[in-house]
Protein chains: 2
Amino acid sequence: MQPPYHRLEEFVPLTQHELTIARGWLSDRRQLARGHCIRREGDPVHGVFFLLEGWVGSSLILRGGKRQIAKIHLPGDMLGFPSLSLSKAVETLEAVTDITFCTIPNLMIGRMFENAPRLSVAMFLSSQLERVALMQNLSWVGAASAMERVTTFLLDLHDRLQAAHLVKDAGFDFPLTQVQVGELLGLTPVHVNRTFRRLDETGYIERERGHMIIKDAASLRRLTAGFVPDKAGHAAWDRLGQPS
Amino acid sequence: MQPPYHRLEEFVPLTQHELTIARGWLSDRRQLARGHCIRREGDPVHGVFFLLEGWVGSSLILRGGKRQIAKIHLPGDMLGFPSLSLSKAVETLEAVTDITFCTIPNLMIGRMFENAPRLSVAMFLSSQLERVALMQNLSWVGAASAMERVTTFLLDLHDRLQAAHLVKDAGFDFPLTQVQVGELLGLTPVHVNRTFRRLDETGYIERERGHMIIKDAASLRRLTAGFVPDKAGHAAWDRLGQPS
DNA sequence: CGGGCTATTGAAGTTGATCAATAACGGTGG
DNA sequence: CCACCGTTATTGATCAACTTCAATAGCCCG
């Protein structure tokens, strides 16, 4: 199966040289069952991870035991970059479904910066995109109602799944528990449930056994908290003077 | 005055070559009065910014007009990186105090990646640190009480100001309005006020005319929501194989 | 078949929001 | 230097969104 390079190629197509490097990551391919952790808060930082199949939640744990999921990662995402700057990992990376992923050791990242400046810029820009996503999540959690948070999340998820070719007829697998959605959006599972129910009573969505269908995306979008900004794509590349 | 390079040198000291590059940024030095914007949401992305003096808030605006401040930036911070990946800026960068800053045009960033891999890695790691800070802010806003949010924020601010040599005897200038603190922490200004008052009635802090003193940091820290993770510092550099 | 997690629903409780009014401050122009 | 005005801070009273508590039902897995 073709590895999901769509996130890496958002800004510029990879050259043969870069594809070779990216294929090098795939050597150490691993599987993990739902509920298990790629790594936990406090673990040493051995590298970053490339998610090939399945969903992963990256979360922080607060004093008091509450957990905040910072992001739900989908196939093609690179995981664990933030902790590269820390002495120990902050984020727990937990498999939401069964997953396949690769570990990219620290040294490979260092070498990439020396030998593959274009790929480095791609990763750099990708990281900035993640920062934007995080800022948006923060803004929803900090300033939007429960209904706005849920609808915004569902539509964003839908768009990202679409980019990963995982949507069929506005429907997609939805393996998250309501507890997890709550931890992502800063709501209690009970309230997530009520919000979901209101949405499918109204006919905006349809849920069943780990699957979700967006019945009326246009109306749903009117309930959201804000806009998803346009990615620059290749324009970002041009802007930087098309680094070689 | 020595430019505040402490953020850039968190991971590795700059070489002469890199210092030359960094000094190049300073050519286009500008001032802005409190309340004015370096740039607004929706503006074209001409470059990123290096903050020399003063405080800047970076914020997103939601449908409905509510504003979420993602971060309060202090001298030495690089601003505006996330929008490099977008066709238009998402973040509004507003001066909280009178400020001095430099604009670093996009092309200079691109050239840096080609000619100064070490500096690029430093910026890359710095960006990851920003992601961590953002994840933490998200976790406070999503899962902590008002009191926890406020105390965590104050202590974090204190630590960052200290790194910028802007703290004297546990006291520091505090130019933020309570409205702004509210927008940062996802609270109403009224509630920020009540929380502050409770803190200084109890003797944890002291406030007056744009100044704040942390009277009892140790006790205050017991009220916070979580821990500030250790930065890797030079260890991050070693980990990556000391890129040259 | 049994046990544990997940979803669902109802009732009651709280934190923090909203509304509203006043006071204090800071900057401006006369 | 002072009067004025808009912004900010403060405080009280009320309200509501969401939480907490609790109980039941459904599902998945071994």
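Now for a look at the structure at hand.

## Some remarks on the interface of chain B and chain A
In this assembly, 65 residues from chain B lie in contact with 65 residues from chain A. Note on chain B versus chain A: buried area summed over both sides is about 5,900 Å², and carbon and sulfur give 68% of it. Run the count over chain B and chain A and you get 0 salt bridges. The interface formed by chain B and chain A contains 20 residue pairs in polar contact (both at pLDDT 80 or more). Elements supplying a minimum of two residues to the side of chain B that touches chain A: strand 5 (67-73), helix 2 (106-115), helix 3 (117-143), helix 7 (217-223) and helix 8 (234-239) of chain B. For the side of chain B that touches chain A, the element with the most residues is helix 3 of chain B, which contributes 21 residues. Split by residue class, the side of chain B that touches chain A holds 34 nonpolar, 19 polar and 12 charged.

## As for the protein's contact with DNA strand D
Near DNA strand D lie 16 residues; those nearest to it are Ala 146 and Thr 188 of chain A together with Gln 178, Asn 193 and Arg 197 of chain B. In the model, a phosphate oxygen of DNA strand D is placed 2.6 Å from a nitrogen or oxygen of the Gln 178 of chain B side chain. Between Asn 193 of chain B and DNA strand D, the recorded distance is 2.7 Å, taken from a side-chain N or O atom to a phosphate oxygen. Secondary-structure elements contributing two or more residues to the surface near DNA strand D are helix 6 (189-201) of chain A together with helix 6 (189-201) of chain B. When the residues that make up the surface near DNA strand D are grouped by side-chain class, the tally is 4 nonpolar, 7 polar and 5 charged.

## A look at the sheet that holds strand 3 (residues 47-53) of chain B
Residues and elements named next belong to chain B. Taken in spatial order, the 4 strands of this open sheet run 1-8-3-6, and their pairing is antiparallel. The sheet is open, and its two edges are formed by strand 1 (29-32) and strand 6 (78-79), each paired on a single side. Bridge analysis of strand 1 against strand 8 (residues 99-105) gives 4 bridges, and the strand direction is antiparallel. The partner of Gln 31 across the bridge, within strand 8, is Thr 100.

## A closer look at the relation of the copies chain B and chain A
Superposing chain B onto chain A takes a rotation of 180 degrees combined with a translation of 0.0 Å along the rotation axis, leaving an RMSD of 0.0 Å. Classification of the inter-copy transformation places it as that of a two-fold axis. In terms of C-alpha distance to the rotation axis, chain B has Leu 138 of chain B as its closest residue, with the C-alpha 2.6 Å off the axis.

## Concerning the protein's contact with DNA strand C
What surrounds DNA strand C is a group of 16 residues, the closest being Gln 178, Asn 193 and Arg 197 of chain A together with Ala 146 and Thr 188 of chain B. Thr 188 of chain B has a polar side-chain atom sitting 2.8 Å from a phosphate oxygen of DNA strand C. Looking at the surface near DNA strand C, the elements that each hand over two or more residues are helix 6 of chain A together with helix 6 of chain B. Counting residues per element, the surface near DNA strand C draws most heavily on helix 6 of chain A, which supplies 4 residues. Across the surface near DNA strand C, the residue classes tally to 4 nonpolar, 7 polar and 5 charged.

## Brief notes about the environment of Val 121 of chain B
By secondary structure assignment, the location of Val 121 of chain B is in helix 3. Note: C-alpha distance between Val 121 of chain B and Val 192 of chain B (71 residues apart in sequence) is 38 Å. Aside from chain neighbours lying at most four places away, what touches Val 121 of chain B is Phe 113 of chain A together with Trp 237, Leu 240 and Pro 243 of chain B.

## Describing the packing of helix 2 (residues 106-115) of chain A against helix 3 (residues 117-143) of chain A
Residues and elements named next belong to chain A. At a minimum axis distance of 6 Å, the contact between helix 2 and helix 3 shows a crossing angle of 120 degrees. On the basis of their axis angle, the class for helix 2 and helix 3 is oblique. Each of Met 112, Phe 113 and Asn 115 in helix 2 lies in contact with helix 3, whose residues at this interface are Pro 117, Leu 119, Ser 120 and Met 123. Taken together, the residues that form the contact of helix 2 with helix 3 break down as 5 nonpolar, 2 polar and no charged.

## Examining the packing of helix 4 (residues 146-163) of chain B against helix 6 of chain B
Residue and element names in this part refer to chain B. Packing of helix 4 against helix 6 brings their axes to within 10 Å, and their N-to-C directions diverge by 70 degrees. Between helix 4 and helix 6, the angle is such that the two are roughly perpendicular. Every residue of helix 6 that contacts helix 4 at Ala 146, Met 147, Val 150, Thr 151 and Leu 154 is listed here: His 191, Thr 195, Phe 196, Arg 198 and Leu 199. A per-class count over the contact of helix 4 with helix 6 returns 6 nonpolar, 3 polar and 1 charged.

## Focus: the pattern of salt bridges
Residue and element names in this part refer to chain B. Under the defined criterion, the tally for this structure stands at 32 salt bridges over all chains. When the shortest N-O distance is used, the salt bridge between Glu 10 and Lys 231 registers 2.7 Å. Taken together, the positions of Glu 10 in the segment before helix 1 (16-25) and Lys 231 in the loop between helix 7 and helix 8 put the pair 221 residues apart, joining distant regions of the chain.

Reading the values: rules and limits
Throughout this description, residue numbers start from 1 for each chain and increase along the sequence as written. Going through the entries in the order they are written, you letter the chains from A and number the ligands from 1. Given that this is a predicted model, residues contribute local features only at a pLDDT of at least 70 and side-chain atom pairs are listed and counted only at 80 or more, while totals for whole chains, interfaces and linings are drawn from all residues. Note that water and hydrogens are dropped before the side-chain values are worked out from all heavy atoms of the structure. It only takes one pair of heavy atoms within 4.5 Å for two residues to be counted as in contact. The buried area of a pairing is the accessible area, by a 1.4 Å probe, that goes missing from both parts when the two are put together, added over both. Basic side-chain nitrogens of Lys or Arg form a salt bridge, by our definition, when they fall within 4 Å of a carboxyl oxygen of Asp or Glu. As used in this structure description, the phrase polar contact means that two N or O atoms lie within 3.5 Å; if the pair is within protein, one of them must be able to donate a hydrogen and the other to accept it, and residues adjacent in sequence are counted only when both atoms belong to side chains. Segments assigned H or I by DSSP are reported as helices when at least four residues long, segments assigned E as strands when at least two residues long, and all are numbered from the N terminus. Residues are grouped as follows: Ala, Val, Leu, Ile, Met, Phe, Trp, Tyr, Cys and Pro are nonpolar; Asp, Glu, Lys and Arg are charged; every other residue, Gly included, is polar. For this purpose, a residue is taken to be near a molecule or strand whenever a single non-hydrogen atom of the residue falls within 4 Å of it. At least two bridges found by DSSP between two strands are what make those strands a pair. Copy-to-copy alignment: least squares on C-alpha atoms, limited to residues at pLDDT 70 or above in both. Note on geometry: axes are C-alpha line fits, over the in-contact stretch for helices, and angles between N-to-C directions span 0 to 180 degrees. For classification, angles of less than 35 degrees are called roughly parallel, those exceeding 145 degrees roughly antiparallel, those between 65 and 115 degrees roughly perpendicular, and all remaining angles oblique.

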